[in-house]
Amino acid sequence: MKGTMIGDRHPSGRCLSPDLLGRHLMNMRFVAVTVLAAASVLPIACRGGDPESRYSQKLVIIGFDGMDPDLVRQWIDQGRLPTFKKLADQGGLHPLQTTHSPESPTAWASFATGVNAGKHNIYDFLVRDTDTYFPDLGMVRREPPKFLFNYIPTSRPKIISTRGGTSFWVTAGAAGVRSSILTVPVTFPPEEVLHGELLSGLPLPDIRGTMGTFSFYATDLSRYEEGSTEMGGILRRLVMDGDVATTELVGPPNPVIRQQLQALRAKSGIDDQDRKKIAELESQEDVRLPLTVRWNRGAKTATVDVDGQTIALEPGKTSRWIDLEFRINFLIRIHGMAQMLLMNADSELQLYISPVNWKPDHPPVPMSYPESFAGELFDRLGYYRTLGWAEATWPLNEGRMNEDQFMEDLYKAFDDRAQVILNRIDARKWDVLVGVIESTDRVQHMMWRLTDPKHPMYDAALAARHGDAIERLYRRADTFVAELLEHLEPGTQLMIVSDHGFHSWRKAVNLNTWLVQQGYMVVQGQQPAEKKLEDLFGGGEFWENVDWSRTRAYAMGLGQVYFNLRGRESRGIVSPGAESAALADEISAKLLTLADPADGTRIIRNVYKRDDVYRGEFIGNAAELQVGMEEGYRVSWQTTLGGSPQGIVYDNMKKWSGDHGGYDFATTAGALIASKPINTKEPSIMDIAPTVLKYFGLPVPNTYDGKSLW
Ligand SMILES: [Zn+2]
């Protein structure tokens, strides 16, 4: 780890040096707007420069997403986590109350703002459009770029955060507290932080605008397997001509084509000519790079030609990062980077390509504050993952990667985040530093099955090899904190925080199917096709068979049950007030009796009503009910996207086998380890923001729901 550390060699502080500024401007993707942009880049870039602080206090907060307090306690007691034990001996190990719902976006938003979701508006990974009922990824709203004559860009793409409230680093920054905020979830797009630097985390997407679309090419894929997977992959069959196959890498959607398509589809009276044009445009909707795969059968290796480069691949060895340029037209190109992994070149050829990450020195829209910060880190550290969802959960879940490959990749994801944090620790331009690593969450999602013999995907042989995968990653977290402590000045306070805990996910529950059976949702006609994550990004169909004129409630996301409310939903039929309240009572009471037909086990531990758990200006966006499931049960993937397939409870036969979203908030607390004792037995993640403000002697806003722990 230390070998990759580079001290801060930038004497000019966070201000852009003239050469960096020049390079930055040359790299602007939207050449036509360069001159306009230059005027706005200059003052912003220099605003952060403030090397001397007026504060003597120093505070570091390290977040490990999903770190479970019971597992930490167990492994501390067994002597496996010596650094956590040393810290816990000073300030204690505490369950840290999570949010409604117990999910990363909600909980980290409460961490940043000190308030409940009713005041910050992030309730779930997904939100829905109350006009169309369609689900969409929450946290951000996107505005595509605009083009003149379908060619010349006249506005850059805009991504707007939907999070309300104010981050503690913004509040503290206004009072002169210097901050370094690193890959905290719900910090994309980056906000302006006075006296601070911020590198965005989730939901920073890949180049396709998704949470991570991997590509998988193989000679042994059938035609039926080709296409998009349920969760974020593009599968392509390799047809060898001798030892050579030509195929393509699917890149970003072409915004010019999308603009043309949008205009055509919006036309009234579409004729045959239009239909032909639409079909033609649809075939060009994504920018693609030609890919030539050459198979050396004798040596069991392969080379890949892509974007003017030839990459030699050996089985099992991940390639270097490969720069990729996707040309939208003569004026615009989008820069990305990806890694390749040749999985097999023996009897069949199988090639994996990682999601195309944004290049930190050429992102399509800013991914840090100041805007140059991500590129400066790239200059110092080299390539690092920028995708918010940095771990390869989707290929493992879809059976296109094995556990060995997943774990190797996971450690690299951990180390990428860790090296950024250590670099910024050593830069010493902060009074408060916050860094979040999410590999702890991903390893539990994917490997929980191998710690739980009752899980339908438990495999004794695999468990012998990978049953300690979660424990090993917790130990990696412990050694990282030990290393970090060596870099801290005496007197620096440290908090280790997680946003929620974890549970086994043995059985999936189709909440919408239950709503249909109980008559709260009415469907007609044929069962629609299975929903795919890709549908969220590619204009898929949802709720095709739902009769909204007779539907009172629908489930979406991780345990959210929305009422079809008159005046809110476009075809709402439930009146707000008494009718809605009676429906909430009725559905909650029935849900609490829902039992597993296999053995009568109760499935739902708690149902939370909106007005009991949220307060604030965004409460109108919350679901009427939030379901909290018992250990072992989670809403099905199809429920999250609004689907209602046959059956209510079925075995979870996916490798994604541990979870937290949709479980009862009361049993899903995160963990807090503090370097000095706290003043309560029941700390909440909403308490971190006020703790930081008070630590720096700043007033705690009376809008906060949390209280200072020190
Ligand atoms: Zn998670």
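What comes next concerns the included structure.

About the thresholds
Residues numbered from 1 in each chain as written. Predicted model: local features only at pLDDT ≥ 70, side-chain atom pairs only at ≥ 80, totals over all residues. Helix = DSSP H or I, 4+ residues; strand = E, 2+ residues; numbered from the N terminus. Rg over C-alpha atoms; globule rule 2.2 N^0.38 Å. Buried ≥ 20, exposed ≤ 12 C-beta atoms within 10 Å, placed from the backbone. Contact = placed C-beta atoms within 7 Å. Pairing = 2+ DSSP bridges. Axes fitted to C-alpha atoms, helices over the stretch in contact; angles between N-to-C directions. Parallel < 35°, antiparallel > 145°, perpendicular 65-115°, else oblique. Nonpolar A, V, L, I, M, F, W, Y, C, P; charged D, E, K, R; others polar.

1. As for the overall build of the protein
A tally of regular secondary structure across the protein gives 20 helices and 34 strands. The globule rule puts the C-alpha radius of gyration for 710 residues at 27 Å, and the 25 Å found for the protein is close to it. Dimensions of the protein, computed from C-alpha atoms along their principal axes, come out at roughly 70 × 65 × 55 Å. For the protein, with 710 residues in total, the buried portion stands at 50%. Sequence separation of at least 24 residues holds for 68% of the intrachain contacts in the protein that already meet a minimum separation of 6.

2. Concerning the pairing of strand β21 (residues 349-353)
Summarising burial for β21: five of the five residues are buried, a large majority. Bridge analysis of strand β11 (residues 214-218) against β21 gives four bridges, and the strand direction is antiparallel. Looking at β21, one finds that Ala218 is bridged to Gln350. Inspection of the sheet shows strand β20 (residues 340-345) paired to β21 by five bridges, in the antiparallel sense.

3. Let's talk about the sheet that holds strand β22 (residues 357-358)
In space, the three strands of this open sheet follow the order β18-β19-β22, with antiparallel pairing throughout. The strands lining the two open edges of the sheet, one partner per strand, are β18 (322-327) and β22.

4. Looking at unusual backbone geometry
Cis geometry marks the peptide bond from His100 to Ser101; its omega dihedral reads -5°. Inspection of the secondary structure puts Ser101 in the loop between β2 (93-96) and α5 (104-113). In this structure, the amide linkage connecting Tyr369 to the following residue, Pro370, adopts the cis form with an omega of -10°. Following the sequence through the fold, Pro370 ends up in the loop between β23 (368-369) and α10 (373-381). The phi angle at Asn121 is positive, at roughly 80°, despite the residue not being glycine. Note that Asn121 resides in the loop between α6 (117-120) and β3 (126-128). At Val186, a position not held by glycine, the phi torsion is positive, near 65°. Secondary-structure assignment places Val186 in the loop between β9 (179-182) and β10 (196-199). A count of 28 C-beta atoms within 10 Å places Val186 in the buried class.

5. Quick look at α10
Those residues of α10 lying buried are Phe373, Ala374, Gly375, Glu376 and Leu377. Backbone geometry just downstream of α10 places Gly382 in the positive-phi region, at approximately 80°.

6. Comments concerning the packing of α10 against helix α12 (residues 403-427)
Contact geometry for α10 and α12: axes closest at 11 Å, N-to-C directions at 100°. Considering their axes alone, α10 and α12 lie roughly perpendicular with respect to each other. Counted together, Leu377, Arg380 and Leu381 of α10 and Gln419, Val420 and Asn423 of α12 form the full contact between these two elements. Here the contact of α10 with α12 is composed, by residue class, of three nonpolar, two polar and one charged.

7. Things to note about α5
By the criterion of burial, α5 is predominantly enclosed, with ten of the ten residues buried. Turning to α5, the residues buried within the fold contact α6, α7 (168-174), α13 (439-447) and α20 (688-695). The first or second residue beyond α5 is Gly114, which carries a positive phi of 75°.

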